[in-house]
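Residue strings, one per chain:
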Amino acid sequence: MPVYLPIANLSVNGLLIVALGFLTGILSGLFGVGGGFLTTPLLIFYGIPPTVAAASAATQVTGASVSGVLAHSRRGGVDYRMGGVMVGGGIIGAMIGALLFRFFQAIGQIDVVINILYVIMLGAIGILMLREALDALLPGRKEAQAIPRRRHHPLVAALPMRWRFYSSGLYVSPLAPLILGVIVGVLTMLMGVGGGFILVPAMLYILGMSGNVVVGTSLFQILFVTMGTTMMHAITTKAVDIVLAGLLLLGSVMGAQFGTQIALKARPEILRLVLASIVLIIAFVMLYRLGIQPDEIFTVSPL
């Protein structure tokens, strides 16, 4: 089933794109991640220009986040005040990211920048996940040296203008979640990722948020920031391919339901080990591709 992608100026197999969305949807349901950090590199491997892949993947993350936010909201698992501050920071970060995107696009280096960012990000995530999975699987290392978690990082405690975030059980400066939101907004604009892989650990170990609202608040921030970045891409970079985004979203919605059912029956440690292996393989392949000359040297620029 050939489908023409107008922005990418390519004819692709529509069923294959849906299958790719289905695969990332399975990973989303299995591991609780948005899937955006895997969708973009897989699209690049398939031949989609990195600019179009990054811009269009953000749309898929938006759609995948809606049901998660609704589910967590029904059980009181969203800190709307904290999420609102991070959304504000995310929009600011997306604006900064749009300027960086246009700058690197103007000098013809945006594709290289996206690839390098993915190699660094996937490599770091894969190593950390692999270490965590092996620690959980190796005998005698599970909880032998458990250390009590700090409420929040000393740098966060030193910031001025404290607010009360009742759902998170915190009394901290709003500057901390605002800065965190800015960082995630920049990454979302440049890479087409939701940023949950950064948000969740940062909210737990830097902000010290209560675990029962972390995932829901993260999805709340991701939902609105990816909506904003998609609009900015459509207006500024003109790299959003709505046909590609629609096919990905169709597959990911179905795949997420399937992945959730698998996750109920599998061991979490094994799942983390599998995901870490997948992430590291993709990082190594992208690193290899950075060192070879592509068959066609091109990039996508706005008219």
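Given the structure is predicted, the values throughout are model-derived calculations rather than measurements.

Conventions used here
- Residues numbered from 1 in each chain as written.
- Predicted model: local features only at pLDDT ≥ 70, side-chain atom pairs only at ≥ 80, totals over all residues.
- Heavy atoms only, no water.
- Helix = DSSP H or I, 4+ residues; strand = E, 2+ residues; numbered from the N terminus.
- Buried < 20%, exposed > 50% of the residue type's maximum accessible area, 1.4 Å probe, protein only.
- Contact = heavy atoms within 4.5 Å.
- Areas by Shrake-Rupley, 256 points an atom, 1.4 Å probe, with all protein chains shown as cover.
- Pairing = 2+ DSSP bridges.
- Axes fitted to C-alpha atoms, helices over the stretch in contact; angles between N-to-C directions.
- Parallel < 35°, antiparallel > 145°, perpendicular 65-115°, else oblique.
- Left-handed = near helix turned anticlockwise from the far one by under 90°.
- Nonpolar A, V, L, I, M, F, W, Y, C, P; charged D, E, K, R; others polar.
- Phe/Tyr/Trp six-rings, centres within 6.5 Å; stacked < 30°, edge-to-face > 60°.
- Lys NZ or Arg CZ within 6 Å of the ring centre and 35° of its normal.
- pLDDT = per-residue confidence, 0-100.
- UniProt positions renumbered as here; feature names shortened; annotations may be inferred.
- Patch = residues over 30% accessible without salt bridge, like charges linked within 9 Å, V, L, I, M, F, W, Y side chains within 5 Å.
- Salt bridge = Lys/Arg side-chain N within 4 Å of Asp/Glu carboxyl O.

### As for the overall build of the chain
Phase 1: Along the chain, the regular secondary structure elements total 11 helices and four strands.
Phase 2: Per-residue burial for the chain yields a buried fraction of 49% across its 303 residues.
Phase 3: Contacts spanning at least 24 positions in sequence make up 78% of the contacts within the chain whose residues lie at least 6 apart.
Phase 4: When the accessible surface of the chain is summed, it comes to about 14,700 Å², and 70% of that surface belongs to carbon and sulfur atoms.

### Quick look at the pairing of strand β1 (residues 2–5)
Phase 1: Of the two faces of β1, only the one carrying Val-3 and Leu-5 is buried; Pro-2 and Tyr-4 on the other face are not.
Phase 2: Across four bridges, the pairing between β1 and strand β2 (residues 10–13) is antiparallel. Counted as the bridge partner of Val-3 is Val-12 from β2.

### Digging into the packing of helix α4 (residues 80–106) against helix α7 (residues 175–191)
Phase 1: Contact geometry for α4 and α7: axes closest at 6 Å, N-to-C directions at 40 degrees. Taken as axis vectors, α4 and α7 run oblique relative to one another. In terms of crossing hand, the pair formed by α4 and α7 is right-handed.
Phase 2: Split into classes, the residues belonging to the contact of α4 with α7 amount to 16 nonpolar, seven polar and no charged.

### Observations regarding the environment of Ser-56
Phase 1: Here Ser-56 is to be found in helix α3 (residues 50–74).
Phase 2: Counting along the chain gives 185 residues from Ser-56 to Asp-241, while the straight-line C-alpha distance between them is 5.8 Å.
Phase 3: If sequence neighbours within four positions are ignored, Ser-56 has contacts with Ala-239, Val-240, Asp-241, Leu-244 and Ala-245.

### As for the packing of aromatic side chains
Phase 1: Tallying each qualifying case throughout the model produces four aromatic pairs.
Phase 2: Relative to Phe-104, the ring of Phe-103 lies with its centre 5.3 Å away and its plane at 65 degrees, an arrangement referred to as edge-to-face.
Phase 3: The exposure class assigned to Phe-103 is partly exposed, which follows from its relative accessible area of 47%.
Phase 4: Counting every residue linked through ring pairs, the aromatic cluster contains Tyr-80, Phe-220 and Phe-224.
Phase 5: Taking NZ or CZ as reference, Arg-81 lies 5.9 Å from the ring centre of Phe-165, over its face.
Phase 6: Taking the ring centre of Tyr-171 as reference, the NZ or CZ of Arg-164 above it sits at 4.3 Å.

### Describing the confidence of the model for the chain
Phase 1: On average, the chain scores 76 in pLDDT, and the residues at 70 or more come to 80%.
Phase 2: This model gives residues 144–150 a pLDDT under 50, and the stretch forms four contacts once residues within four places in sequence are excluded.

### Some details on the UniProt feature "transmembrane region" (unreviewed entry) in the chain
Phase 1: Per the UniProt record, the feature "transmembrane region" (unreviewed entry) sits at residues 12–38, 44–71, 83–104, 110–130, 170–198, 204–227, 239–258 and 270–288.
Phase 2: End C-alpha atoms of residues 83–104 are separated by 30 Å, and the span's content is 100% helix alongside 0% strand.
Phase 3: Secondary structure across residues 270–288 divides into 100% helix and 0% strand, with the first and last C-alpha atoms of the span separated by 27 Å.

### Describing a nonpolar patch on the surface
Phase 1: Together, Val-112, Ile-116, Ile-120, Phe-284, Leu-287 and Leu-290 make up an exposed nonpolar region whose accessible area comes to about 550 Å².
Phase 2: Contributing elements (two or more residues each) for the nonpolar patch: α5 (110–137) and α11 (268–290).
Phase 3: With respect to the helices and strands, the residue Ile-116 is situated in helix α5.
Phase 4: By relative accessible area, which is 39% here, Ile-116 ends up partly exposed.

### Observations concerning the packing of α4 against α5
Phase 1: α5 packs onto α4 with a crossing angle of 125 degrees between their chain directions and a minimal axis gap of 7 Å. It follows from the interaxial angle that α4 and α5 lie oblique. Along its contact with α4, which presents Phe-101, Phe-104 and Gln-105, the element α5 presents Ile-110, Val-113 and Ile-114.
Phase 2: For the contact of α4 with α5, the class distribution of residues is five nonpolar, one polar and no charged.

### As for the environment of Pro-160
Phase 1: With respect to the element layout, Pro-160 can be found in the loop between α6 (154–157) and β3 (163–165).
Phase 2: Counting along the chain gives 16 residues from Pro-160 to Ala-176, while the straight-line C-alpha distance between them is 9.9 Å.
Phase 3: If sequence neighbours within four positions are ignored, Pro-160 has contacts with Ser-173 and Leu-175.

### Some remarks on the environment of Val-253
Phase 1: Its place among the elements puts Val-253 in helix α10 (residues 242–263).
Phase 2: The exposure class assigned to Val-253 is partly exposed, which follows from its relative accessible area of 45%.

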